[in-house]
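Notes for the structure review
Each chain is listed here by its residues.
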Amino acid sequence: MKFLPFLPCFLAAACSCAFAAEPSGFKPGESGFRDELGRHFIPHGFVTITGDGMGDVPYTAEDYRKMALAGANFQVIRIFLGKLGGVPGREPNPKYLEQLDEMVELGRQAGMKSAFKLTVYDATSSKSVNLAGFQQQDWIDLYLDKDGRQDRFLAAWRRVFERYKDNPSVFGYDLVNEPCAANRKKQIWEDEPRFKDSETFQRDYFIPFYRKLIDELHRISPEGKLALFQPYHVPPPVHIATNFPCLPLSEPLRREGIVFAPHYYNADPAEAMKRYTADAVLNDAPMMFGEYGTHTTSETDHDLAAQQAYTKTLIDTVTEFDRHAVGCVKAWWCGSRVFNQTVKTKPGAVTWALFYGDSPMGNAERKYIMDVIVRPRPLVIAGTVNSFHFDFATRIFEMRFAPDSSKGKSEIFVPVERHYPDGFRVLYNGLTLAFAPESPGGFRVVENTGDTPASAFHWDAARNRILVDNWGTESKETTLKIIPGTSD
């Protein structure tokens, strides 16, 4: 019998329903998540960071409220190996664990669930956060398990696994962030003869290390938590030459309760979907993008033409992801204080931060990024979503799906102020509703020639959501549309 991990529901902070990551009705490589009622769940959210090179990054309830208003039902908390005691000479920091507790709780209160992503950015003997702190030899020593390095790494994760094993707000763990992504020019096997080549390295070292981590997670949490995994990340020159940050997986994990969560930062999303779907199929695993969207620069921040080019690439990316109804997480929900300091001495510095400003949470948003990220999308649907699409030019949203009202309520995110300042209409199965926040339920009936009760649709103004009690009797694939304006 397959291991089916269960994840808590995202419809409300207090909800206690569960999710399965390997449900019937989905093929490996698809966004295969269903809750205990059988609804199709599509994760959407942001990477939140616990610190940067200038210290801790504190979040408030207001920050999480803004995340929810941006359509987030999900956060990936980026955590540090050193602060968890996973580095020689470093002990776990109890206050750091309390910081993680607070972020999980703030997410829960905002109706979001959390995953953790373990990074090596502070993996030095000092307490600093330094992107160059973990180099090629450190990765080699880890995979060769020099001086018990793997046990230290595992002990760091064990503290997190044990702490959150009974917390329904935590659904899983991204076990190794961008493995082997050091600032280097050589592939890891070019520096270590025992690795020989990519296939040998993956088969004898890379995949066994992942299995070791997954087995420990399953021992501590035999049900309820997912193991997210990433492929081997290549040196920057290879990334540039191949248009991919990582290599194809040559060896399956052969574990259950896993999710393939690759990163993608380039400009050919169709090729990315093809490549990554093959990796997910190899592992018989559902897929979501753990990070996506290229970096930005100070030049782009001050150049309208560059911003338009960036936006076009990002639109192409999210359009491809939405066409496959795949979940995705954008880096990073934070300000630009380190970036702002860096650009003074290093022209061409890059950042993924979504906000300007020197404060940890920034100030004004980078609209040329956020206006793409914050778009209409399904969050959880009674039925099966086959694809969805938002046309940024016409502001028409279309979702193709097979409804199943027996599975309960549905939830669709609609950012009114950002994309529909003139209101919107919902078209579904002969029913046309106009957005009318002053009316009971938030809609008025324009037309209803089908059998769908108009009273089944409600507007949740606090979170920018359409809530649908049921879809009527329709069960074949059909379409829901959202179009701008409240009248013809």
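Residues numbered from 1 in each chain as written. Predicted model: local features only at pLDDT ≥ 70, side-chain atom pairs only at ≥ 80, totals over all residues. Heavy atoms only, no water.

Describing the overall build of the protein chain
Quick note on the threshold: By definition, any uninterrupted DSSP run of H or I lasting at least four residues is a helix, any uninterrupted run of E lasting at least two residues is a strand, and each is numbered from the N terminus. Each radius of gyration is computed over the set of C-alpha atoms, and the globule rule expresses the reference value as 2.2 Å times the number of residues to the power 0.38. Two residues qualify as a contact provided that any one of their heavy atoms is within 4.5 Å of a heavy atom in the partner residue.
Counting its regular elements, the protein chain contains 13 helices and 27 strands. For the protein chain, whose C-alpha radius of gyration is 22 Å, the value lies close to the compact-globule estimate of 23 Å for 488 residues. Its C-alpha atoms give the protein chain principal-axis dimensions of about 70 × 55 × 40 Å. Intrachain contacts of the protein chain at a sequence separation of at least 6 include 69% that bridge at least 24 residues.

Details of the packing of helix H8 (residues 269-282) against helix H10 (residues 304-323)
Under the convention used in this document: An axis is simply a line fitted to the C-alpha atoms; with a helix, the fit covers only the stretch in contact. Between two such axes, the angle follows the N-to-C directions and lies from 0 to 180 degrees. Should an angle fall under 35 degrees it is taken as roughly parallel, and over 145 as roughly antiparallel, whereas 65 to 115 is taken as roughly perpendicular and any remaining angle as oblique. Handedness of each helix crossing follows the sense of rotation of the near helix against the far helix: counterclockwise by less than a right angle gives left-handed, clockwise gives right-handed. Each residue is assigned to one of three groups, with Ala, Val, Leu, Ile, Met, Phe, Trp, Tyr, Cys and Pro labelled nonpolar, Asp, Glu, Lys and Arg labelled charged, and all others, Gly among them, labelled polar.
Remark: H8 packs on H10, axes separated minimally by 9 Å, with the N-to-C direction vectors making an angle of 40°. When the interaxial angle is binned, H8 and H10 end up oblique. For the pair H8 and H10, the sense of crossing is right-handed. Across the interface between the two elements, Pro-269, Ala-270 and Met-273 from H8 touch Asp-316, Thr-317, Glu-320 and Phe-321 from H10. For the contact of H8 with H10, a count of residues per class yields 4 nonpolar, 1 polar and 2 charged.

Re the pattern of salt bridges
So the rule is basically this: What counts as a salt bridge is simple: a side-chain nitrogen of Lys or Arg found within 4 Å of a carboxyl oxygen of Asp or Glu. A 1.4 Å probe rolled over the protein chains alone gives each residue an accessible area, and that area as a share of the maximum for its type sets the label: buried under 20%, exposed over 50%, partly exposed in between.
One pass over the structure, following the stated rule, counts 34 salt bridges. A salt bridge links Arg-395 to Asp-422, with the shortest nitrogen-to-oxygen separation between them at 3.0 Å. You can see Arg-395 sitting in the loop between strand S19 (383-391) and strand S20 (396-403) and its partner Asp-422 sitting in the loop between helix H13 (416-419) and strand S22 (424-428), a full 27 residues away along the chain. Owing to a relative accessible area of 23%, Arg-395 belongs among the partly exposed residues under this scheme. Take Asp-422: its relative accessible area is 38%, and that puts it in the partly exposed class. Here the salt bridges share partners, and the residues they tie into one network are Glu-365, Lys-367, Asp-371 and Arg-418.

Some words on the environment of Pro-179
Residue position: Pro-179 is located in the loop between strand S10 (170-174) and helix H5 (188-191). Along the sequence, Pro-179 and Gln-230 sit 51 residues apart, while their C-alpha atoms lie 7.5 Å from each other. Each residue touching Pro-179, except ones within four places of it in the same chain, is listed here: Trp-139, Tyr-143, Phe-206, Tyr-210, Gln-230, Pro-231, Tyr-232 and His-233.

Considerations on the sheet that holds S22
Stated precisely, the cut-off is as follows: Here, any two strands with at least 2 DSSP bridges between them count as paired.
What the 6 strands build is an open sheet, ordered S19-S20-S27-S22-S23-S24; its pairing is antiparallel. Every interior strand has two partners, whereas the edge strands, S19 and strand S24 (443-448), have only one. Strand-to-strand twist across the sheet, computed as the mean angle between neighbouring axes with direction ignored, equals 15°. Here 5 bridges tie S20 to strand S27 (residues 478-484), and the two strands are oriented antiparallel to one another.

Structural notes on the side chain of Thr-452
Mapping Thr-452 onto the fold places it in the loop between S24 and strand S25 (457-460). When neighbours within four sequence positions are excluded, Thr-452 is seen to be in contact with Tyr-428, Asn-429, Leu-431, Phe-457 and Trp-471.

Examining the pairing of strand S21 (residues 410-413)
In the case of a regular strand, side chains alternate between the two sheet surfaces. Burial along S21 is two-sided: Ser-410 and Ile-412 facing one way and Glu-411 and Phe-413 facing the other are all buried. Judged from the 3 bridges that link them, strand S18 (residues 377-381) and S21 form a sheet pairing that is antiparallel. When the sheet's bridge partners are listed, Val-380 is paired in S21 with Glu-411. Examined bridge by bridge, S21 and strand S26 (residues 465-468) share 4 bridges and lie antiparallel to one another. Bridge pairing in S26 places Ser-410 opposite Val-468.

Description of empty space enclosed by the protein
The condition that has to hold: The distinction between a cavity and a pocket rests on a 1 Å grid over the protein atoms alone: a 1.4 Å probe fits inside a cavity but cannot get out, while a pocket stays open yet meets protein on both sides within 12 Å along at least five of seven lines, and a residue with an atom within 4 Å of a point counts as lining. Grid points are joined across faces, edges and corners, and a volume is the space filled by probe spheres set on the points.
Scanning the model with the defined rule gives 1 cavity of 30 Å³ or more in all. Quantified by volume, the largest cavity comes out at close to 50 Å³. Lining the largest cavity, in full, are Tyr-264, Asn-266, Gly-293, Thr-294, Tyr-310, Thr-313, Leu-314 and Thr-317. It is H10 that provides the largest number of residues to the lining of the largest cavity, a total of 4 residues. Class assignment of the residues belonging to the lining of the largest cavity gives a composition of 3 nonpolar, 5 polar and no charged.

Looking at the layout of surface pockets
Reported here for the second largest pocket is a volume of approximately 350 Å³. Lining the second largest pocket are 17 residues, with Leu-69, Ala-70, Glu-417, Arg-418 and Asn-464 sitting closest to its centre. Each residue belonging to the lining of the second largest pocket can be placed in one class, and the counts come to 9 nonpolar, 1 polar and 7 charged.

Let's talk about helix H2 (residues 94-109)
Stated formally: Given the number of residues in a helix, its expected span is that number minus one, multiplied by 1.5 Å. Between N or O atoms, a polar contact is any pair within 3.5 Å; within protein, one atom must be a potential hydrogen donor and the other a potential acceptor, and residues adjacent in sequence are included only when both atoms are from side chains.
Over its 16 residues, H2 runs 23 Å from end to end, which matches the ideal 22 Å to within 8%, given 1.5 Å per residue. For H2, the full list of buried residues reads Tyr-96, Leu-97, Gln-99, Leu-100, Met-103, Val-104, Leu-106 and Gly-107. Measuring from the backbone nitrogen of Lys-95 back to the side-chain oxygen at the start of H2 gives 3.0 Å, which picks out Asn-93 as the cap. Where H2 ends, the next residue or the one after it, Gly-111, has phi of about 85°, a positive value.

Quick word on the sheet that holds strand S13 (residues 263-264)
An order of S12-S11-S10-S9-S8-S5-S16-S14-S13 is seen for the 9 strands of this open sheet, with the pairing classed as parallel. The open sheet terminates on both sides in strands that have one partner only, identified here as strand S12 (258-260) and S13. By the bridge criterion, 3 bridges tie strand S11 (residues 226-229) to S12 in an arrangement that is parallel. Each bridged residue has a counterpart across the sheet, and for Ala-227 the counterpart in S12 is Ile-258. Across the face of the sheet, helix H6 (residues 198-220) comes into contact with S10, S11 and S12 while running at roughly 160° to S11. Contacting strand S14 (289-292) and strand S16 (328-330), H10 crosses the sheet at an angle of about 165° to S14.

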